[in-house]
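# Structure assessment
Each chain is listed here by its residues.
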Amino acid sequence: MKLRRVFNQTVLMLLGGLCVWTVMTMDGDASVISEPTSEMQDITSGFTKQVIGELPWPITKIKANYVRDGHVTHRTDQMSITLKGDVRSPNGQVLYNMWDIVTDDKGWEFGGKFLIYNVNKLLWHPQRTDVFKISQSRRFKAGKKVWIGNKSSTNSSHESYKTTLTYMKTKQYYQVASQIKLVPHITIFDSGAHSMQGTGTQVGDLITAKFGRQVQTARVTHDGHWRIDWGKELQGSGKVTVTETNDYDDVPGQTTAIVNNGVPRTKSKIKLNLFLTGGRNFSTTKDQAVLIKGMVVGTDPSDLQRDVKLNNQDLMIHFAHADGTPIMSYRANGTEDEPHKAGFFHLKLPAEKLQRGINEIKIWVTSPNGQQSNIDTLKVTVAGGLSFEHIVSQIRFTSQQIPTKETLIPAMNQWQVAVKDARSGGSAWYVYATATELATENHRLNGDLVYVNSAGKRQIMTNQMTLVGACTHSKGKSVVTDVAKQWQERRGIFLDVQPGMYAGDYHGKINWSLQDTPQA
């Protein structure tokens, strides 16, 4: 049998001007887009010139509000256009009415500005800046083209009282209204906690978290984070769905997290009451099951005098770890003397489903009709076996200048990797360690965490399972061995730094694995 256990990740720090390596419980500062503002911005360079129509329009500058990355957005409601140049009549008739307009691909107008009436010339020399509103009833469609041009007419008759107007539209410049895909993340979430945290895409975006019928909302803050407070512990098994939306017609984003705390949410008319008759605290070994005894009493909250008859075939006894991970479920089976006695059970909980040491276990009862009992708690101590006794939680490395050649940097404080072996004599065990890459927000460290064995051979630990200690326990009692005590000045775990690295704060972690058989 192979036994593997990953212990708490170790924090490592390299001090001074070089780097810092530490474990993060969340993503840190999020990369977040600032929310567009009402300030008018020059976005001329964001447009492409493509004349479609009969009357070229001498546009020299385009400005708008609620701009993102040089492009208008779904929220843009004000634009300005600067005209400077010549406008000639396209048909030999004098110019008449003139508008600046903003349209879609089909020529439908979002908004416009009337400029001049009855120019009465074949050639007009505008030099002006005009501000106009975009209709709120018909905003720009994100991801679609926005065109800027003109609507104009000429006097098609020499007699003014017989004037008829022939309108012409020109599409002069276009750009695609800004649209992004929103990508929310959940960074801290505990189904037993009252809150969850995460990161969003753009400041001010709406975060909606939904679990069953429970819905909570929050906004993405200036640093890119959001926090949802549920107000109480989430009960039941299911999925929390987090959706990010905004007023910019961006593509909504969604992410999910699984809730499985072993406490199904149900409604019932009959109340199930769980009582443990065999105690709540137990001690056992890995190869011996635990006998759990109890009874279930049914009551009617509306009529406490009512005799509620229970059927053992309808009663399911559930066991789960404290974090909600299911262990086993059984049907009620009566007492030891009366196997079919209604409402009673005696069940053997396999110790191999538990961890060595103290296990806190939830127990509750359900019925097919959605009835659920109260939740009780057991404590089962599993003795013996192989486990980590202690691992150092933080390691500091000595200060260094950025090296000009490959350099091994030792730790400042003492490594501790203690293993407790309470098995019978003659049993071997092996400790393996795996390191993640060291990186800042922008750079990967030019180097790795390495293990130097007793022969002086270096083994890179980055994303590789590396044997760092082994022992064979020959005594017949519990023994604690610190693997790191065997590491000398030239043996153990070091930071191998290469030249050409950037100074900064580098982050990473080590995962430890304890096995009773060697790696293949």
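Residues numbered from 1 in each chain as written. Predicted model: local features only at pLDDT ≥ 70, side-chain atom pairs only at ≥ 80, totals over all residues. Heavy atoms only, no water.

## What about the overall build of the protein?
Put simply, the test is: Every helix listed is a DSSP run of H or I at least four residues long, and every strand listed is a run of E at least two residues long, numbered separately from the N terminus. Only protein chains enter the accessibility calculation, which uses a 1.4 Å probe. A residue is then buried if its area is under 20% of the maximum for its type, exposed if over 50%, and partly exposed in between. We call two residues in contact when some of their heavy atoms are within 4.5 Å. The protein chains shown are the only cover counted for residues, whose accessible areas, like all others here, come from Shrake-Rupley with a 1.4 Å probe.
A count of helical and extended segments in the protein gives zero helices and 40 strands. The buried share of the protein, reckoned over its 520 residues, is 43%. In the protein, the proportion of contacts linking residues at least 24 apart, taken out of those at least 6 apart, comes to 71%. As presented, the protein carries roughly 27,000 Å² of accessible surface, and 47% of it is formed by carbon and sulfur atoms.

## Details of the nonpolar core
Defined as follows: We call a set of buried residues a nonpolar core when its members are Ala, Val, Leu, Ile, Met, Phe, Trp, Tyr or Cys and they connect through side-chain atoms within 4.5 Å of each other.
Formed by 31 residues in total, the largest nonpolar core has its most connected members in Trp415, Val431, Trp487 and Trp512. Counting only elements with at least two residues in this core, the list comes to β30 (386–391), β31 (394–397), β33 (417–421), β34 (427–435), β35 (447–452), β39 (492–497) and β40 (510–515). For this core, the element with the most residues is β34, which contributes four residues. Residues contacting Trp487, with those up to four places away along its chain left out, are Trp415, Val417, Tyr451, Val468, Gly492 and Ile493. Within the second largest apolar cluster, 27 residues are counted, among which are Leu55, Ile81, Val119 and Tyr173.

## Points about the environment of Gly469
In this fold, Gly469 is placed in strand β37 (residues 466–473). By relative accessible area, which is 9% here, Gly469 ends up buried. Sequence-wise, Gly469 and Val431 are 38 residues apart; in three dimensions their C-alpha atoms are separated by 5.1 Å. If sequence neighbours within four positions are ignored, Gly469 has contacts with Tyr430, Val431 and Val483.

## Topic: the sheet that holds β33
Filter applied, for reference: The criterion for strand pairing is that DSSP finds at least two bridges linking the strands in question. To get an axis, fit a line to the C-alpha atoms, keeping to the stretch in contact for a helix; angles then go from 0 to 180 degrees between the N-to-C directions.
Pairing is antiparallel in the open sheet, where three strands are placed in the order β30-β33-β38. The open sheet terminates on both sides in strands that have one partner only, identified here as β30 and β38 (479–482). Neighbour-to-neighbour, the strand axes of the sheet open up by a mean angle of 25°, direction not taken into account. Two strands pair when backbone bridges link them, and β30 and β33 are joined in this way by five bridges, in the antiparallel orientation. Note on β33: the bridge partner recorded for Leu386 is Asp421.

## Some details on the confidence of the model for the protein
The test is simple: Values of pLDDT, the confidence the predictor places in each residue, fall between 0 and 100.
In this model, the protein carries a mean pLDDT of 83, and residues with pLDDT of at least 70 account for 86%. Counting contacts from residues 262–268, a segment whose pLDDT is below 50, to residues more than four positions away or on other chains yields 28 contacts.

## So, the sheet that holds β40
One open sheet accounts for three strands, arranged β37-β34-β40; its pairing is antiparallel. Two strands close off the open sheet at either side, each with one partner strand: β37 and β40. The sheet shows a mean angle of 15° between the axes of neighbouring strands, taken without regard to direction. Summarising the sheet, β34 and β40 pair through six bridges and their orientation is antiparallel. The residue of β40 that forms the bridge with Tyr432 is Ser513.

## Thoughts on the side chain of Asp250
Using the following cut-off: The term polar contact refers here to a pair of N or O atoms within 3.5 Å; inside protein, the definition further demands a hydrogen-donor-capable atom paired with an acceptor-capable atom, and it admits residues adjacent in sequence only when both atoms are side-chain atoms.
The topology assignment puts Asp250 in the loop between β20 (237–245) and β21 (253–260). A relative accessible area of 7% means that Asp250 is categorised as buried. For Asp250, the side chain forms a polar contact with the side chain of Arg68, separated by 2.7 Å. Reaching out from Asp250, the side chain makes a polar contact with the backbone nitrogen of Ile180 at a distance of 3.0 Å. Not counting residues up to four positions away in its chain, the partners in contact with Asp250 are Arg68, Ser178, Gln179, Ile180 and Leu182.

## Some points on the environment of Glu35
Topologically, Glu35 is positioned in the loop between β1 (11–14) and β2 (41–42). Non-local contacts of Glu35, meaning those with residues more than four positions away in its chain, are made with Arg75, Gln202, Val203, Gly204 and Tyr248. Looking at Glu35, its side chain comes within polar contact range of the side chain of Tyr248, at 3.2 Å.

## As for unusual backbone geometry
Of note, the phi angle at Asn120 is positive, near 60°, even though the residue is not glycine. By secondary structure assignment, the location of Asn120 is in the loop between β10 (109–116) and β11 (123–124). You can call Asn120 exposed: its relative accessible area is 51%. A positive phi is found at Asp249, a non-glycine position, where the angle reads about 60°. Judged by relative accessible area, Asp249 falls into the partly exposed class, the value being 21%.

## Quick look at the packing of aromatic side chains
Inclusion rule: Between 30 and 60 degrees the pair is tilted, below 30 it is stacked and above 60 it is edge-to-face, where a pair is any two Phe, Tyr or Trp rings, Trp via its six-membered ring, whose centres lie within 6.5 Å.
Under the counting rule described, the total for this entry stands at nine aromatic pairs. Ring centres of Phe110 and Phe140 lie 4.8 Å apart, and the angle between their planes is 85°; on these two criteria the pair is classed as edge-to-face. Here Phe110, found in strand β10, pairs with Phe140, found in the loop between β12 (127–133) and β13 (145–155); they are 30 residues apart in sequence, far enough to count as distant. Of the two residues, Phe110 and Phe140, both sit in the buried class. Aromatic side chains Trp147 and Tyr174 sit 4.9 Å apart centroid to centroid with 40° between the ring planes, which places their arrangement in the tilted category.

## Notes on the pairing of strand β7 (residues 78–84)
In terms of burial, β7 is a largely internal element, five of the seven residues being buried. For strand β4 (residues 59–64) and β7, the ladder comprises five bridges, and the chain directions are antiparallel. Paired with Lys63 across the strands is Ser80, a residue of β7. Pairing of β7 with β12 involves seven bridges; the strand directions are antiparallel. Residue pairing in the sheet places Ile81 in a bridge with Asp130 of β12.

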